[in-house]
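Descriptive analysis of the structure
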There are 2 protein chains.
Amino acid sequence: MTLESGEPLHGEEAIIQEYLAPLAAGYAGALGLKDDCAILSPTPGHDVVLKTDPVAGGIHFLPDDDPANIGWKALAVNVSDLAAKGATPRAYLMALSFPEAPTRAWMARFASGLAEAQTAFGIQLAGGDTDRRPGPVTISITVLGEVPTGRMVRRATAKPGDILYVTGWLGDAALGLRLIKDPGLASRWGISTRAADAAVARFLRPQPRLAIREPLLAHARAAMDLSDGLVKDLGRMAAASGCGALVSLGGVPLSDVGAAAVAADDALWSAIAASGDDYEVLIAVPPEGTAAFESSATTACAAARPSFGITRIGEMTAAGGVALFKPDGRPYLPPRAGWDHF
Amino acid sequence: MTLESGEPLHGEEAIIQEYLAPLAAGYAGALGLKDDCAILSPTPGHDVVLKTDPVAGGIHFLPDDDPANIGWKALAVNVSDLAAKGATPRAYLMALSFPEAPTRAWMARFASGLAEAQTAFGIQLAGGDTDRRPGPVTISITVLGEVPTGRMVRRATAKPGDILYVTGWLGDAALGLRLIKDPGLASRWGISTRAADAAVARFLRPQPRLAIREPLLAHARAAMDLSDGLVKDLGRMAAASGCGALVSLGGVPLSDVGAAAVAADDALWSAIAASGDDYEVLIAVPPEGTAAFESSATTACAAARPSFGITRIGEMTAAGGVALFKPDGRPYLPPRAGWDHF
């Protein structure tokens, strides 16, 4: 479905009141999207955790993607950051920009994907803005979450010796994108259509790992979500913490698709280690806390829908730099360090 | 100065750490822009007031504007909403999008304008995002302010009989834009270069009317900022409040430029009544509160730098619709109702 097909919508007010106001109906502080500002009434004893991460057509999603998936992903990539910080989602603002008026059909599908995501993540629309300008469709979301005062799980606080974990499975999003562009890969990798579809879904509908929040708050020393790939994001955590890190790729959790892809083509380790869009959580836990963390995280993540696991992949080191080793023990050198816009 | 001139910047991290981190240096919750999320620690007994209003080259500013003015305006248009709600600015998030890497010179000027605005408005950078995509340079700011719990001044709460005021002077921004596009207008309107420059500055560097906050909280029944023009924004307040409104344009405050422009060309009442970008505040005050409001607002606004006044322009009515009358008593019918992106 493209933006051009069907009856165009006219007027910002029509877009807001017909398609966006229903997304804010359950949030009193949105004032029905009829005021200039929205209100968040903070929970006493909590900090507000803030993140903005816009997504644009042709860069973060494909222009002819189902608009329901675009809406889901635009919200999911922001809520993923809240999950990795131990924060509970509360509300979001959304600025939409279109090169031309969207059709009713496009807006209806887009809003339906957002509504599904809102329900799944426990968050509601508080306010926003809609305008028209050249360039790709852009969805600029700012999310607000809450953590008990002073408890946000940070990136820069890991220490040498901390044990590194990741949630879920790495690489599926990058492999899913390859499968969208070249469906023939599925047979070359020897995977079923169903497995291929699951990887594609990981790219189109990332799942913020909200179930990890309580174990993080209780046991983690540092955490961040993996939006730009393990090599780059772990490099950031290590640099910010003044540490290095050591990771065995043989220990990195792979889905059936990931395992089949690297078996078929060794170069696809780059999809596992150095590609973005997985939105799993990277976690550093002090050695004395690992047993308690593993126990609580395993229980919490198994109860999530969809469920997922946690996997130990390495540790933080005193020496600087990030060193990765392939399953055969040789050093892994990524072809590029991860996504950079410039 | 265009984006293309000079040495381009490479890497998101360079842009963030060289030019944006200094803007966040005074705000502990920004964590040096080295975490995935920022933190706002709410003041107990206060609500958080939220607004997002992106600006884009070619629409909200001219692509070859001084980047310092672009930075100022991008923040000012958002802070203006906080002022009109009675909220005290606290922090902002900023997502920058460039079609190509900006030069160091562009980023330095842009950051200098933001730094000036931060100081003037009492707000600091808390976090953000930088990416590259086609289309115009876009600056998507989300501001956070605070008001005592339950006290945000709303748009939809005006009542028939409330007296309407505006801050400052209407029309200067629209007339300033005309003067930028056609400098010969100054002599046709019979205004000095200095007066013309002042109107241009109103377009390039709008001044959020933060000094009006305390009088608003104490005395106003409803308020909003005038970003899309008096006709459209008053229409929104009236419709949201289930009222009408009656305004005498003869009572609307004009600068020397505004007075000269409508004297020279009667059609320029559209710049006064139906054009955007003034960022003055429209205020509805119950009749019994006008004396106290006028007294406190006059004192507060005279002490502001730059100083401004408040002017009574009309009243809310029980009958629906917004009726405007020209100084000669005839009804004023705007050529268009104000800015709409679609």
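Please read all numbers here as calculations on a predicted model, not as lab measurements. (Residues numbered from 1 in each chain as written. Chains lettered and ligands numbered in written order. Predicted model: local features only at pLDDT ≥ 70, side-chain atom pairs only at ≥ 80, totals over all residues. Heavy atoms only, no water.)

Looking now at the overall build of chain A. The helix and strand inventory of chain A stands at 11 helices and 12 strands. For chain A, whose C-alpha radius of gyration is 20 Å, the value lies close to the compact-globule estimate of 20 Å for 342 residues. Based on the C-alpha atoms only, the size of chain A along its principal axes is roughly 60 × 55 × 40 Å. Expressed as a percentage of its 342 residues, the buried residues of chain A come to 61%. Only carbon and sulfur atoms are counted for the fraction: they give 55% of the accessible area of chain A, which is about 12,000 Å². (Helix = DSSP H or I, 4+ residues; strand = E, 2+ residues; numbered from the N terminus. Rg over C-alpha atoms; globule rule 2.2 N^0.38 Å. Buried < 20%, exposed > 50% of the residue type's maximum accessible area, 1.4 Å probe, protein only. Areas by Shrake-Rupley, 256 points an atom, 1.4 Å probe, with all protein chains shown as cover.)

The next point concerns the relation of the copies chain A and chain B. The two chain copies are connected by a rotation around an axis plus a translation along it. Structural alignment of chain A on chain B gives an RMSD of 0.0 Å, achieved by rotating through 180° and translating 0.0 Å along the axis. Considering both components of the superposition, the chain copies are consistent with a two-fold axis. The position closest to the rotation axis in chain A is occupied by the C-alpha of A:Gly135, lying 2.0 Å away. Of the interface residues in chain A, 100% have counterparts in chain B that sit at the interface too, so the contact is made through matching surfaces. (Least-squares fit on C-alpha atoms with pLDDT ≥ 70 in both. Contact = heavy atoms within 4.5 Å.)

Moving on, we get to the packing of helix α4 (residues 172–181) of chain A against helix α6 (residues 193–204) of chain A. All names here are of chain A. Contact geometry for α4 and α6: axes closest at 7 Å, N-to-C directions at 110°. Relative to α6, the element α4 lies roughly perpendicular. The two elements α4 and α6 cross, and the hand of that crossing is left-handed. Here Asp172, Ala173, Gly176, Leu177, Leu179 and Ile180 of α4 come into contact with α6, specifically with Ala196, Ala199, Val200, Arg202, Phe203 and Leu204. Among the residues forming the contact of α4 with α6, the class breakdown is nine nonpolar, one polar and two charged. (Axes fitted to C-alpha atoms, helices over the stretch in contact; angles between N-to-C directions. Parallel < 35°, antiparallel > 145°, perpendicular 65-115°, else oblique. Left-handed = near helix turned anticlockwise from the far one by under 90°. Nonpolar A, V, L, I, M, F, W, Y, C, P; charged D, E, K, R; others polar.)

On to the confidence of the model for chain A. Residues and elements named next belong to chain A. Looking at chain A, the pLDDT average stands at 93 and 95% of residues meet or exceed 70. Segment residues 1–5: pLDDT under 50, and 19 contacts once partners within four positions in sequence are set aside and those in other chains are kept. Overall fold confidence (pTM) sits at 0.94, and the ipTM for the predicted complex is 0.93. (pLDDT = per-residue confidence, 0-100.)

Let us look at the sheet that holds strand β11 (residues 310–317) of chain A. Residues and elements named next belong to chain A. Spatial ordering of the open sheet is given by β8-β10-β7-β11-β9-β12, a layout of six strands whose pairing is mixed. Across the chains shown, the open sheet's two edge strands, defined by having one partner strand only, are β8 (222–226) and β12 (321–325). Neighbouring strand axes in the sheet, compared pairwise and without regard to direction, differ in orientation by 25° on average. When strand β7 (residues 163–167) meets β11, the two strands line up antiparallel, connected through five bridges. Bridge assignment links Tyr165 to a residue of β11, and that residue is Arg312. (Pairing = 2+ DSSP bridges.)

Residue and element names in this part refer to chain B. Relative to strand β11 (residues 310–317), strand β9 (residues 244–248) runs antiparallel, the two sharing four bridges. Across the sheet, the residue bridging to Leu246 is Glu315, located in β11. Pairing geometry for β9 and strand β12 (residues 321–325), over five bridges, is parallel. Within the sheet, the bridge partner assigned to Ser248 lies in β12 and is Phe325.

This part is about the interface of chain A and chain B. Taken together, the 60 residues of chain A in the interface contact 60 residues of chain B. Counting the surface lost from both chain A and chain B, the interface buries some 5,100 Å², and carbon and sulfur atoms represent 59% of this. For the pair chain A and chain B, the number of links is six salt bridges. The salt bridge partner of A:Asp35 is B:Lys85, with a shortest N-O separation of 2.5 Å. Across the chain A-chain B interface, the total number found is 20 residue pairs in polar contact (both at pLDDT 80 or more). In the side of chain A that touches chain B, the residues fall into 27 nonpolar, 12 polar and 21 charged. (Buried area = accessible area lost by both parts, 1.4 Å probe. Salt bridge = Lys/Arg side-chain N within 4 Å of Asp/Glu carboxyl O. Polar contact = N/O pair within 3.5 Å; in protein donor to acceptor, adjacent residues only side chain to side chain.)

Residue and element names in this part refer to chain B. With nine of 11 residues buried, strand β4 (residues 88–98) is to be regarded as a mostly interior element. The pairing of β4 with strand β6 (residues 138–148) spans nine bridges and is antiparallel. Following the sheet pairing, Ala91 is matched in β6 by Leu144. As paired strands, β4 and strand β5 (residues 124–132) are joined by eight bridges and run parallel to one another. Pairing of Phe98 across the sheet is with Arg132, part of β5. For the segment spanning β4, helix α3 (residues 104–121) and β5, crossover handedness is right-handed. (Right-handed = clockwise from strand over helix to strand, strands pointing away.)

Looking now at the sheet that holds β12(B). Residue and element names in this part refer to chain B. If you trace the six strands from one edge of the open sheet to the other, you get β8-β10-β7-β11-β9-β12, paired in mixed fashion. The open sheet is flanked by β8 (222–226) and β12, the only strands paired with a single partner. Between one strand axis and the next, the sheet turns by 25° as a mean value, whatever way the strands run. Bridging between strand β7 (residues 163–167) and strand β10 (residues 280–285) involves four bridges; their strand directions are antiparallel.

What follows concerns helix α2 (residues 67–84) of chain A. Residue and element names in this part refer to chain A. Taking 1.5 Å as the rise per residue, α2 with 18 residues should run 26 Å; its terminal C-alpha atoms sit 26 Å apart, in good agreement. Val77 marks where α2 bends most, by close to 25°. Most of α2 is tucked away: 18 of the 18 residues are buried. One side-chain oxygen of the residue at the start of α2 lies 2.9 Å from the amide nitrogen of Ala68, identifying that residue as Asp66. (Expected span 1.5 Å × (residues − 1). Bend = angle between axes of the 7 residues up to and from the residue.)

This model, assessed by the stated rule, comprises zero disulfides over all chains. This cysteine, B:Cys301, is not joined by any disulfide, and A:Cys37 carries the nearest cysteine sulfur, 18 Å off. By relative accessible area, which is 0% here, B:Cys301 ends up buried. (Disulfide = S-S within 2.5 Å.)

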